[in-house]
Amino acid sequence: KAGVTQTPRYLIKTRGQQVTLSCSPISGHRSVSWYQQTPGQGLQFLFEYFSETQRNKGNFPGRFSGRQFSNSRSEMNVSTLELGDSALYLCASSGGQGGSGELFFGEGSRLTVL
Amino acid sequence: AQSVAQPEDQVNVAEGNPLTVKCTYSVSGNPYLFWYVQYPNRGLQFLLKYITGDNLVKGSYGFEAEFNKSQTSFHLKKPSALVSDSALYFCAVRDGNTDKLIFGTGTRLQVFP
């Protein structure tokens, strides 16, 4: 069974630009969560989607948005990039049962903002 | 609010020695606790979880964790460390209200030959 796939793995943008990251969950998983990982802040929850609906949202500005498609693939978008948005963005999928279910993570998309 | 704390930024241990990575939690209700490992430039890999039952949970790569309700702890352990265990370890708890998985700040484990 293929794991969680994130694209692109690495990207460089400049301030003010926007970026779209993609995540394909494990086949059959309906829940996709996004996290931002930085050395200073650790792992910060961005949002979670389940069956195309946003189920949870973290404390990030409106520049950060996401969506989920009917095939459970998810995208997140960051507009008007700032230097502080440089981070590893991790996507994770699960069966959606919450509670006792663990998350399965992709390798991440490393964004550098210059 | 649910939270986890990893009091040590780094743990150093010699290869062959036992290792412990500490985690304490704060939850209302029954805790769902998890450990993940992250190798350089990789995503997080699931190691083990505690839902209910035995306080000693066994996981991947020879790791185990001990759930202690009275001390609200969920420490990760391994009887004999390997150099290849060197990585970043995260403890996490499921928020019973929102279902979000909340992570600790991580502990870097360094195993020396």
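This text follows the structure it describes.
Conventions used here
Residues numbered from 1 in each chain as written. Chains lettered and ligands numbered in written order. Predicted model: local features only at pLDDT ≥ 70, side-chain atom pairs only at ≥ 80, totals over all residues. Heavy atoms only, no water. 1 Å grid on protein atoms, 1.4 Å probe; cavity = no way out; pocket = protein on both sides within 12 Å on 5 of 7 lines; lining within 4 Å. Points joined across faces, edges and corners; volume = space filled by probe spheres on them. Helix = DSSP H or I, 4+ residues; strand = E, 2+ residues; numbered from the N terminus. Nonpolar A, V, L, I, M, F, W, Y, C, P; charged D, E, K, R; others polar. Contact = heavy atoms within 4.5 Å. Buried area = accessible area lost by both parts, 1.4 Å probe. Salt bridge = Lys/Arg side-chain N within 4 Å of Asp/Glu carboxyl O. Disulfide = S-S within 2.5 Å. Buried < 20%, exposed > 50% of the residue type's maximum accessible area, 1.4 Å probe, protein only. Polar contact = N/O pair within 3.5 Å; in protein donor to acceptor, adjacent residues only side chain to side chain.

**Section: empty space enclosed by the protein**
Over the atoms rolls a probe the size of a water molecule, and its path tells where empty space is left. Inspection of every chain in the model, using the stated rule, returns 2 cavities of 30 Å³ or more. By volume, the largest cavity is sized at about 70 Å³. Around the largest cavity, the lining is made up of 13 residues, and of these S33, E48 and L103 of chain A together with R94 and D99 of chain B lie nearest the centre. Taken together, the elements giving at least two residues each to the lining of the largest cavity come down to β4 (31-38) and β5 (42-50) of chain A. The biggest single contributor to the lining of the largest cavity is β4 of chain A, with 3 residues. Counted by class, the lining of the largest cavity contains 4 nonpolar, 4 polar and 5 charged residues. Its boundaries defined by the atoms lining it, the second largest cavity holds a volume of some 30 Å³. Every residue along the wall of the second largest cavity is listed here: R9, Y10, L88, E107 and R110 of chain A together with N41 and R42 of chain B. Looking at the lining of the second largest cavity, its residues break down into 2 nonpolar, 1 polar and 4 charged.

**As for the interface of chain A and chain B**
The partner chain B presents 19 residues to the 22 residues of chain A that form the contact. Counting the surface lost from both chain A and chain B, the interface buries some 1,700 Å², and carbon and sulfur atoms represent 50% of this. For the pair chain A and chain B, the number of links is 2 salt bridges. Looking at the side of chain A that touches chain B, the elements with two or more residues in it are β4, β5, β6 (53-57) and β9 (87-94) of chain A. Its residues assigned to classes, the side of chain A that touches chain B comprises 8 nonpolar, 8 polar and 6 charged.

**Quick look at the state of the cysteines**
Following the criterion strictly, the structure yields 2 disulfides over all chains and no others. One disulfide in the model links C23 of chain A with C91 of chain A; its S-S distance is 1.8 Å. One disulfide, between C23 of chain A and C91 of chain A, carries an S-S torsion of -60 degrees and so falls in the left-handed class. Of this pair, C23 of chain A sits in strand β3 (residues 19-24) while C91 of chain A sits in strand β9, and the two are 68 residues apart along the sequence. Note on accessibility: C23 of chain A and C91 of chain A belong to one class, buried. What pairs with C23 of chain B in a disulfide is C91 of chain B, and their sulfur atoms sit 2.0 Å apart.

**Some points on the side chain of K78 of chain B**
Residues and elements named next belong to chain B. The topology assignment puts K78 in strand β9 (residues 73-78). The exposure class assigned to K78 is buried, which follows from its relative accessible area of 8%. Separated by 3.1 Å, the side chain of K78 and the backbone oxygen of Y61 make a polar contact. A polar side-chain atom of K78 sits 2.8 Å from a polar atom in the side chain of D85.

**Side note on unusual backbone geometry**
Cis geometry marks the peptide bond from T7 of chain A to P8 of chain A; its omega dihedral reads -10 degrees. With respect to the helices, strands and loops of the structure, P8 of chain A is situated in the loop between β1 (5-7) and β2 (10-13). Of note, the phi angle at T72 of chain B is positive, near 45 degrees, even though the residue is not glycine. Along the polypeptide, T72 of chain B turns up in the loop between β8 (64-68) and β9. When its relative accessible area of 31% is taken as the criterion, T72 of chain B is described as partly exposed.

**Considering the side chain of N77 of chain A**
All names here are of chain A. Within the element layout of this structure, N77 appears in strand β8 (residues 74-78). Side-chain polar atoms of N77 contact the side chain of T20, separated by 2.9 Å. Once residues lying within four places of it in the same chain are set aside, the contact partners of N77 are Q18, V19, T20, R63, F64 and S65.

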